[in-house]
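Examination of the molecular architecture
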Amino acid sequence: MSYILSAYTSNRGVPLDIKIDNIEFSYSSVPVLNEVSLDIDGPGFVSILGPNGVGKSTLIHCINKILEPNSGAVFIDGKDLKEITIKELSKEIGYVPYSANDTFPLTVVDTVMMGRHPHARWNTLDNDLDIVYDTLKMLGISHLAMRQFNELSAGQHQKVMLARGLVQEPKILLLDEPTSNLDIRHQLDVTKMLRDLSLEKGILIIMISHDINIAAKFADKVILMFQGRIYDVGTPGEVITEENLRTVYGVRSQVIDDEGRPHVILKDSLPITSEAYPSAVMAAARRKRGSEAVGQTDD
């Protein structure tokens, strides 16, 4: 079964497509991804939701070649990922990890400049610096330009790593919880900026998030994962429902309408029992929602 996210018209006139064809991945003998199939067309802003341990980061790592699936295939704009070199891929895909554990003894400018490496030529330094400083300004951290990266706070680290991903000027940007260390205001500002960038620059942005309401407010499409599989895909209104939250997260909630977007009011957690997490619910819901949400095709 393959889920398809609706296409958008690219502002660059360049097709953006990720096709994931029945991939599986295990760490040693522990399965993490099971029969994952998904088509994502861009540009657009896509959020991946799901509880801890369902394979969200592993899925991202299989897309950007950090990990290689045990079976199945990933295609970028129709080309098998196995046939794309790391250097070629770095011009197409940018990646911002969950947290910056690196402690570079470099200034912020030099750290962000590392993101320009895929475009490096002997005579491009001035242009690269312009891109770096413009990106720092856009993120509101130009005042940190000459600070040492390893002296910054966790939130500042996160913004610098986001800047490094953006200066790659990728067609596809993958982000693993890019707002995890930011306060509420900056979570909103950064997520809104990412949504706007997807529109203005014509890029496909895929963001893992644990904040359901921020995803609901800004995402064009939502991918909901559960037990190593794609549980549901579609618009925020189609995917973020009380029934889905009960099954996937084990919580009782109320989902209300907020200017045409769903907003979740959490009520209580459910006991971890077979009643709360029936094994057959996921398969039944996937079959039911597949054609209703965004269309489905059987492999």
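Residues numbered from 1 in each chain as written. Predicted model: local features only at pLDDT ≥ 70, side-chain atom pairs only at ≥ 80, totals over all residues. Heavy atoms only, no water.

Take the nonpolar core next. Counting residues in each nonpolar core, the largest one holds 33 residues, and the members touching the most others are Val112, Leu136, Leu162, Leu175, Leu194 and Ile205. Those elements that provide at least two residues to this core are α3 (108-113), α4 (125-138), α5 (154-166), β8 (172-176), α6 (184-200), β9 (204-208) and α7 (212-218). Top contributing element to this core by residue count: α5, with five residues. Ignoring sequence-local partners within four residues, the contact set of leucine 136 consists of Val108, Val109, Val112, Ile141, Ser142, Ala145 and Ala163. Ile18, Ile40, Ile230 and Val233 belong to the second-largest nonpolar core, a separate cluster that totals 32 residues. (Core = buried A, V, L, I, M, F, W, Y, C linked by side-chain atoms within 4.5 Å. Buried < 20%, exposed > 50% of the residue type's maximum accessible area, 1.4 Å probe, protein only. Helix = DSSP H or I, 4+ residues; strand = E, 2+ residues; numbered from the N terminus. Contact = heavy atoms within 4.5 Å.)

Moving on, we get to the pairing of strand β5 (residues 71-76). On any regular strand, side chains alternate: one points to one face of the sheet, the next to the other face. Pairing between strand β2 (residues 16-27) and β5: five bridges, direction antiparallel. Residue pairing in the sheet places glutamate 24 in a bridge with serine 71 of β5. One ladder, built from two bridges, connects β5 with strand β6 (residues 79-80); its direction is antiparallel. Residue pairing across strands places isoleucine 76 opposite lysine 79, the latter belonging to β6. Hairpin geometry of β5 and β6 is characterised by an intervening segment of two residues between the two adjacent antiparallel strands and by a positive phi of about 50° at aspartate 77. (Pairing = 2+ DSSP bridges.)

What follows concerns the sheet that holds strand β7 (residues 93-96). Read across the sheet, six strands follow the order β7-β8-β9-β4-β10-β11 without closing on themselves; strand pairing throughout is mixed. What marks the edges here is a single partner per strand, and that holds for β7 and β11 (229-234). Within the sheet, the average angular offset between the axes of one strand and its neighbour, ignoring direction, is 15°. Sheet topology note: the strand β4 (residues 44-49)/β9 ladder contains five bridges and is parallel. Bridge pairing in β9 links serine 47 to methionine 207. (Axes fitted to C-alpha atoms, helices over the stretch in contact; angles between N-to-C directions.)

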